[in-house]
Structures are given as C-alpha cells and as structure tokens.
Amino acid sequence: MENNVAVRMQHITKAFGTKVVANKDVTLEIEKGEILALLGENGSGKTTLMNMLSGIYHPDSGEIFVDGKEVHIESPKDAYALGIGMIHQHFKLVDVFTATENVALGMDKSKAKNRNAIAKGIKEICDRYGFSVSTDRKVYNMSVSQKQTLEIVKTLYRGANILILDEPTAVLTPQETDKLFDVLRNMKADGKSIIIITHKLHEVLAISDRVSILRKGEFIGTVPTKEATVQSLTEMMVGQKVVLDIERPLIENKKKRLVVSHLSCLNKYGVRSLDDVSFDAYGGEILGVAGISGSGQKALLESIAGLQEAQDGSSVKFIDPKTGEESELVGKNVLQIKQMGVALSFVPEDRLGMGLVGSMGMTDNMMLKSYQKGVVFADRKTPKNLANQVKDELEVVTPSIQTPVRKLSGGNVQKVLVGREIAAEPSVLMAAYAVRGLDINTSYTIYRLLNEQKKKGVAVIYVGEDLDVLLALCDRIAVLCAGRLNGIVDARTTTKEEVGILMTNLRKEGE
Amino acid sequence: MAAAAVHKKEALVRIARRDSMATWKSIGIRIIAVIISLVVSGFLIYAIIKENPLKVYESMWNGAFGSTRRVWITARDTMMLLCIAVGLAPAFKMKFWNIGAEGQILVGGIATAACMIYLKSLPAWLLFLCMFVASCIAGAVWGLIPAMFKAKWNTNETLFTLMMNYVAIQLTSFFVAQWENPFGSNTVGVINQGTKEGWFPPIFGQEYLLNVIIVMALTVGMFIYLKYSKQGYEIAVIGDSQNTARYAGISVRKVFVRTMLISGAICGLSGFLAVSGASHTISTSTAGGRGFTAIIVAWLAKFNTFTMIAISVLIVFLEKGAIEIASKYNLNDYVSSMITGIILFFILGSEFFINYRLIFRSKSKEVA
C-alpha cells in the first residue's frame, strides 16, 4: 500500500433495518494533501459513509485503515484521536458560548482552562489558512458562514488532519463559497486531506482533485476531476442520461393576481422578520424568491397564507382571475381565506412538520384539505381516490396509500405534498425549498409540475436556495435580505453575482 | 496520538432500530414476555414463601375469577379503569397530557353523591339522569380549566392538571366533612343504605351489568369518534403536529378546549360509576390512583379503545390476584405489588425488543 494514503475504507457495508442498505461494499481512498469530492444524490449513502469514518455509526462489515493501520472507530472521540474531524450540516455549537469557549468544549479540564492559550491557537490557525474568527464573539451573534468557519477551526484546533465537510456550501452565498474554497485550498497545500460531501456539480469541478461517486449506497467509481464534466458526473450519479435543461415557457398576457404592499411581520421574540415588503405576483409567472436562509422567506409565505399575523399597515390583495374582484387576505386565518374561495396552495419548507401528518397515510393526508366538508363524519372516499390518483400520476413509491408518509423517502414525501396542493386547482401556488433533498429526477419532476401550473395561469411563488435553478426556472426573482426586499430582477437577464450581492448587501434607503 | 484508538476492539453489542415486524411476531414476543415474567415471579414467590408457584398462580386466578361474585367484581373494576382510559384517550391522542383524571373522577363523584343526598326524592330515572349529567359537567369543568389556560396562555397542562387533582382532593375532604354520617366517623358512610336511592339498579339480576353496558357503549362510541369523525381527525392531526393543524386551518385552541371537555366529562362519569355504581359512598380515595393507572392503559393500547379492554382486564386481574395471595399466604401488600411490578416490567420491556434489535459482534469477520 502506498504511503501517501491517509484513509482507506474497504468493503464497507451498513444497513438500517432489513430493507435499507445505506452502503454496500464501498471502498474509498483518500490521499494526503488532496480534496476528494464525495458525490451522490440524496439517499445515496454519502453522509452515512462519512459518519462511519467519524465514529457516529459503525459499519456492519468492512474495514477502515488510517495511515495503513486497521482501526475501530467507536465514537467521535476515537475519530478525533485518529485526526479525523467532521463538520456536520447542522452545526454543533453552543449558542451562548464565545468562539473560544466552544473550541474549549470537550477538551481536558487542564487545557480548557487556559483560554488565552486557546485564543492564541485559534489565531494561529486563522493566520495559517486565511480564516477570520473573532474569538470573543458569542455564537448567537454569528452569521451562518461565521459559525461554519468556527466549526472548521474547532476541528483543526483539535488536531484533525482529515476533514470531512457535509454539504458545506448549502447555507452559503456564492461569495462566501468562494472564500471557503480558498481556505480549503490552503489547507490542502498544508498536507491536510479533505473530503467534501456535495451534490452540486459545478462545485465539485471547481474545488476537488478527484471525485468518488455513490449511487443508491453502491460505489460507482472514482474519477480525476480533470477528466470529468457536468454531464459525465450526472450520468454516473443518476445511472442514466438526464436532460439538464429546465424549461421556461413565456406566457403572454399575464394578469396581476397578488398585490403585496408594506407587508411586515414580527417573529416570536418581537423582532421584525419581514420589513415593509411590497411586490406584485402575476398569474402565468413563476416569481422566485432568493435570499440567505432566514431572511424572511418563511414569514413572507406564512403571512400570505394566513399562518402568521401581519403588522398594521400590511396588505395582501388577491385579485380573482374570473371576476376581477379584489379581496384582502391580511387579518384572515387559513380557514377564513379558504372560505372566501381563494384557492391558495402552499408547499411549506417543513414537509412533515407542517405540510403533512407524518404518522398518517396518503389518504388521510389528502383529507387535510377536504375533511371539513363532511357533516359529522369525514368523507374518506374522495381523498382515497385522490391518493390513488396522485400515486399513479406522480409515481409515488409507497407500499400502500395507508403507509405512514413518514416512512417514505424525501422525494416521495414531497410528491405527496405537491400532488395534493396542485390537485386543489390553486390560483396561487407558493412553494418553499420544493426540491431540497430530492434527487435529480424528482427535482425535474417538480420543476415540470411548477411550469405546468404556470402555463395554466397560476401565480407561482417559488422560494429557492440554488441560484442556478432560480435563474433557469423563474421569470422574475425577488431578493430578500435581512427581512427586506432588496430588489426584484429579471431572471432572464440577471447574473448569479448580481443576485448574490443583493442577498448579502442591504441597499440603503432611496438608493 | 493515534495509537490509543488503534487496537480498540469492536463493541460487543449494538442496538439498531427495526423497521417493522409482523403482527404475529410482535404478539408472540408479548406472550413470551408474560411467560418469562411469571417464571421470574415464580422464583421470587418460592424464595419468599417456599410455596409451589403454580399453586400461588392458581390462587391468583381464584382471587379474580374464583366465583361468580368475584367475576362480577373484577368486571366492575375493569369497567371503571376502562372508562377512565377511554376518557383519557382523546386527550393523550392530542398529546395533551391529562394527568388530572384523579381529580376529574373525584369531582364527578362529589356531584353524584350530592345528587344522591339532596335529590333522593326525585323519581329514580330522573335522579339517575341528574347524576349522569352532573358528574359529566363536574368532570368537564375540571378538564376545561387547564385546557382554557393552555389555549390562552400556553400553560403547561401536565402541571396544571396534576395540581387540579389536589384541589379536587381538598374539595372531597370538605364534602366528606359536610356529609359525615354517622357524626364523628369522618366518613360519609354508605349513602341511602336502606332505600338504595341513586344506586345502579340490577339488570337481569346482575348488580353490575349496568356498569358494563355504559362503559361498553362509551368504548365503542369513542372508537368511532376517534377513527371516523371529523373531530377525531382533528385530534389526530394536532397530536402529530400542531403546525400541520394550523396549516390545515384547524383551530388548535378550540380543539384543545373541546377535547378536554369530552375527556373530563368521561372521567367525571367514571366518578359516577364509582359512587353510584360501586361503592355508594365518597371519600378521598374514591379514585384510588386509577386515574394514573388508566394512563398506562391508554398508552399501551395506543389509544385503541378495544385494546384497552384487554389491558384493563389484565391489570385488574393482577390487582385482584395479588390481594388474594397476600391474604392467603399472610404476606403484606408489598409482595403482591412486586409481582404486579415484575409482570408490567416485562410487558413494557418487551416493547423494546419489538422496536429494536440487538446485533452481536460477528465472529466470522475475517471470512467476510
């Protein structure tokens, strides 16, 4: 075995339960001083594989070698002792602690006491790789990108030579991503091994030396990045040819459907989550909403849907496409909006926590929209037919329409939710992060469904995070920044950079 | 640095979740659990009293089902426990932690006793109706108060309903003092002992048949309510996710209040069963902890009211059997509680093996 190999995972198999095989005979190697991209669709077993390297899971069979020696990693502590550190998608930081205190967490008492030494150590790491961390700042005052930086520094401080990053760019703007990549390159030059889990192809091409591809838990192959293209990687990842173009039909004669003016909301702490937002949405158009996560997207959609109270002076006018009648939605709750005859469909971000009832089957979930129609007993026949229809049309994979939707895969859950919302024949359709966590094929199914609705004359509002998709799918993009509308751009002519700047730099009044 | 972890051995046992298990298998595991629990308590019994465990079990059985009279007493107590569990089902299904059944039973019992004392001149059917309605209302009010506070100010219902129990106990003490009979005994005594006004009438000569009829009707009714009605659907949605409920246009507050009215009313009604249908008296121990035992019944049955019947029977059987062996072998109550405890421990513990499986370190690793 060559000496340059940092980690070798050999014939790794891991199953959850009897049916789900997350990893099947996977063999993976990472060299010292390289960046390896681990590519695969959601559910292909990337994170599981890495969790076995970082001590969270243990393989059912197979061996792991670090520096040529076989090891048993039973806990994250063992992993640290071997110089393996993982930066998870959900940061593991204590909000009320400072950066230094977070780094000190979990160290020996004697070492943890010397805060100055730790702060100095943090500074050295920052200087070496080009980070910036303010050691005395509390985590709750940090932006997402700063928290991520802190996580990486924490891992390096503990002596990690092998870093695993789980979808690190999912929460970053294009500019922040560039900064992160610079740092990763510095670390690589320093001889560290970096594994980056991702499903964004252009990032793979930009940062990695080699790409390893997993599909449905199986190892497909490793290719040098130089020889790969977006198309070739997609095919390895999906296993078939995929058309990577998103359709964007142009609809003439668009009619105003929603007039949002001066919409403001407070969050539960009384802080403005949405601040004086005004825009129009048209039937026959997909209006994209871009922004760093937590910039007011949730408040925007929920206040339109009647789920959040809007502040005084806010107004959302719905214009009936048939009669042209205007009706005010602010001040009404979900039920009242429904009773007014406003066909508003909403695919919320939290699919199982808000859009669906996880413990119920498809039929009962279809009932959410229609159960009120019965007198004492709820009608179960219509929802059952609808469930079968959605199952057939959208090819939902489920053992039966009675199986709790919680047990379905993410893509199938989303199909159930979107299918129900579309079946309600909406005149306004709002969707938040509709393709998050979905595989490529399902994502394209969702885009197609949204386009169909657009062609039918529905006003579609699409909150997204992948700028490439927003730019390709939408007609216009409204950019939110810190709860304010920072500009609306034409998706056909704008650039990613322009949207990225609008996402991060709040324009001053009157600019 | 790395050396410490390198030679570490793989852990001996790991725990993994199962996805699902065939029904016959899970029932089988539960039966095995009961058998093991009987064997373990058999050893315990032998260690303490040096008696043949089989004989001890036989006397347990006799304690609960040994004579027609005993069968009916067991049935009566089962119905009481079942009634409370049926009352708790909608609240717990909504994930509203109604720990206040004890209090709701007591106030229902007070209302019943009050009717028996003050309205005994009414015709029997009217008195019966008054007791029925009064106990429901009293229990409903006891359930309504915490629900209102939860709906309005989001107070913690667990603490609130628990504290309402103590209020109800004090209230009972007060009325016991009021209705004391004979004077100075500090008990109410059997109410209307001579005339039996307000007592459950025997049906087909069976003293407790009416209890069975009322509770069975409630059991079937609650099953249908939870499974097929619109309101039952709303309860299920809220129990899974309040956000989803709001998203669907369900008023969570309204459902909280409505469901707790129903839950409290049925628990109040079990106070009626306890006073008018069983003991014909009221005391602070009228509820006797059954408001808490019923929580176990409701959860073990996963809110299926028919499954609750079986669980109630089992628990009451254990109680009766334990009392019997305690008196027969001159043991104190603790031994019988220990046996009941062992059996429940194994039944609850078997849920672990139904939901999880153990994976042992494989010996054939080198081969793989």
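Source: prediction; values computed, not measured.

Engineer: Teacher, can you tell me more about a nonpolar patch on the surface here?
Structural biologist: Taken together, the side chains of V375(A), V376(A), F377(A), V220(B), I224(B), Y228(B) and F306(B) make up a nonpolar region of the molecular surface, amounting to roughly 650 Å² of accessible area. Examining the composition of the nonpolar patch, we find that 3 residues originate from one element, helix 8 (residues 209-228) of chain B, more than from any other. On the secondary structure map, V375(A) appears in the loop between helix 13 (362-370) and helix 14 (381-393).

Engineer: Please explain a positive patch on the surface as it appears in this structure.
Structural biologist: On the surface, R406(A), K407(A), R17(B) and K95(B) cluster together into a positively charged patch. As for its placement among the helices and strands, R17(B) is situated in strand 1 (residues 13-17).

Engineer: Explanation requested: the side chain of S312(B) in the structure shown.
Structural biologist: All names here are of chain B. As for its position among the elements, S312 is in helix 13 (residues 305-328). Under the relative-accessibility criterion, S312 is labelled buried at 0%. Here the side chain of S312 touches M308 through a polar contact of 2.8 Å, landing on its backbone oxygen. When residues no more than four places from it in sequence are discounted, the contact partners of S312 are T78, L81, L82 and V297.

Engineer: Could you clarify how one ought to interpret the pattern of salt bridges in this entry?
Structural biologist: Any two side chains of opposite charge can pair, given that their charged atoms come close. Residue and element names in this part refer to chain A. Summed over the entire model, instances satisfying the criterion amount to 35 salt bridges over all chains. Residue D190 pairs with R128 through a salt bridge whose shortest N-O separation is 2.9 Å. Pair noted here: D190 is in the loop between helix 7 (174-189) and strand 8 (193-198) and R128 is in helix 5 (residues 115-129), with a separation of 62 residues, a long-range link. D190 sits in the partly exposed class, given a relative accessible area of 35%. Close ionic contact of D275 with R484 constitutes a salt bridge, the shortest N to O distance being 3.6 Å. Taken together, the residues span a long stretch of sequence, with D275 in strand 12 (residues 272-283) and R484 in strand 20 (residues 484-490) at a distance of 209 residues.

Engineer: Whenever I open this one, the side chain of T98(A) confuses me. Can you help?
Structural biologist: Summarising the element assignment, T98(A) is placed in the loop between strand 6 (84-87) and helix 3 (99-104). With residues up to four places along the chain from it excluded, the contact list for T98(A) reads T135(A), D136(A), R137(A) and K138(A).

Engineer: For this particular structure, what's the right way to read the interface of chain B and chain A?
Structural biologist: How big an interface is tends to be expressed through the accessible area that disappears when the partners come together. Between chain B and chain A, the residue contacts involve 32 residues of the former and 47 residues of the latter. Carbon and sulfur atoms supply 53% of the area that chain B and chain A bury against each other, a total of about 3400 Å² over both sides. The tally of links from chain B across to chain A stands at 0 salt bridges. Along the contact surface separating chain B from chain A lie 17 residue pairs in polar contact (both at pLDDT 80 or more). Of all elements in the fold, only helix 1 (3-6), strand 1, helix 8, helix 9 (230-240) and helix 10 (242-247) of chain B reach the threshold of two or more residues within the side of chain B that touches chain A. The element contributing the most residues to the side of chain B that touches chain A is helix 9 of chain B, with 6 residues. Considering only residue class, the side of chain B that touches chain A consists of 13 nonpolar, 6 polar and 13 charged.

Engineer: Would you explain helix 12 (residues 290-300) of chain B in this entry?
Structural biologist: Since one α-helical turn is 3.6 residues long, residues separated by three or four positions face the same way. Residue and element names in this part refer to chain B. Within helix 12, the full set of buried residues consists of G291, A294, I295, V297 and A298. For helix 12, the buried positions fall inside an angular range of 165 degrees around the axis, keeping them on one side. At its buried positions, helix 12 is contacted by helix 4 (68-93), helix 5 (101-118) and helix 13.

Engineer: Teacher, can you tell me more about the packing of aromatic side chains here?
Structural biologist: Aromatic rings considered in pairs are described by the distance between their centres and by the relative angle of their planes. Residues and elements named next belong to chain B. For the structure on display, the rule yields 25 aromatic pairs over all chains. With 5.7 Å between their ring centres and 10 degrees between their planes, F65 and F317 make a pair best called stacked. Placement of F65 in helix 3 (residues 53-65) and of F317 in helix 13 is noted, with a sequence separation of 252 residues between them. For the ring pair W299 and F303, a centre distance of 5.0 Å and an interplane angle of 65 degrees mean the geometry is edge-to-face. Owing to a relative accessible area of 32%, W299 belongs among the partly exposed residues under this scheme.

Engineer: Any chance you could explain the environment of I194(A) here in plain terms?
Structural biologist: Take I194(A): it is sitting in strand 8. Residues I194(A) and F318(A) lie 124 residues apart in sequence; the distance between their C-alpha atoms is 51 Å.

Engineer: I tried to follow the pairing of strand 20 of chain A on my own but got confused; where do I start?
Structural biologist: Two faces, one strand: in a regular strand the side chains alternate between the faces of the sheet. Residue and element names in this part refer to chain A. Where strand 19 (residues 476-481) meets strand 20, 5 bridges bridge the pair, whose relative direction is antiparallel. What sits directly across from R476, in strand 20, is D490. The hairpin formed by strand 19 and strand 20 contains 2 residues between the paired strands, and A482 there has a positive phi angle of roughly 50 degrees.

Engineer: In this structure, what is going on with the nonpolar core? I would like to understand it.
Structural biologist: General note: in soluble globular proteins, nonpolar side chains tend to be found buried as a group. Counting 88 residues, the largest nonpolar core has I84(B), L88(B), V237(B), I238(B), I250(B) and M308(B) as its most contacted members. Broken down by element, the residue count for this core peaks at 13 residues, all from helix 11 (residues 252-279) of chain B. What V237(B) contacts, discounting residues up to four positions off in sequence, is V357(A), M360(A), L368(A), T244(B), A245(B) and I250(B). Counting residues in hydrophobic clusters, the runner-up holds 81 residues, among them I422(A), A432(A), L438(A) and V489(A).

Conventions used here
Residues numbered from 1 in each chain as written. Chains lettered and ligands numbered in written order. Predicted model: local features only at pLDDT ≥ 70, side-chain atom pairs only at ≥ 80, totals over all residues. Heavy atoms only, no water. Patch = residues over 30% accessible without salt bridge, like charges linked within 9 Å, V, L, I, M, F, W, Y side chains within 5 Å. Areas by Shrake-Rupley, 256 points an atom, 1.4 Å probe, with all protein chains shown as cover. Salt bridge = Lys/Arg side-chain N within 4 Å of Asp/Glu carboxyl O. Helix = DSSP H or I, 4+ residues; strand = E, 2+ residues; numbered from the N terminus. Lys, Arg positive; Asp, Glu negative; His and termini not counted. Charge placed at Lys NZ, Arg CZ, Asp CG, Glu CD. Buried < 20%, exposed > 50% of the residue type's maximum accessible area, 1.4 Å probe, protein only. Polar contact = N/O pair within 3.5 Å; in protein donor to acceptor, adjacent residues only side chain to side chain. Contact = heavy atoms within 4.5 Å. Buried area = accessible area lost by both parts, 1.4 Å probe. Nonpolar A, V, L, I, M, F, W, Y, C, P; charged D, E, K, R; others polar. Arc of directions from axis to C-beta. Phe/Tyr/Trp six-rings, centres within 6.5 Å; stacked < 30°, edge-to-face > 60°. Pairing = 2+ DSSP bridges. Core = buried A, V, L, I, M, F, W, Y, C linked by side-chain atoms within 4.5 Å.

Interpretation note: all reported values are geometric properties and have no functional meaning in isolation.
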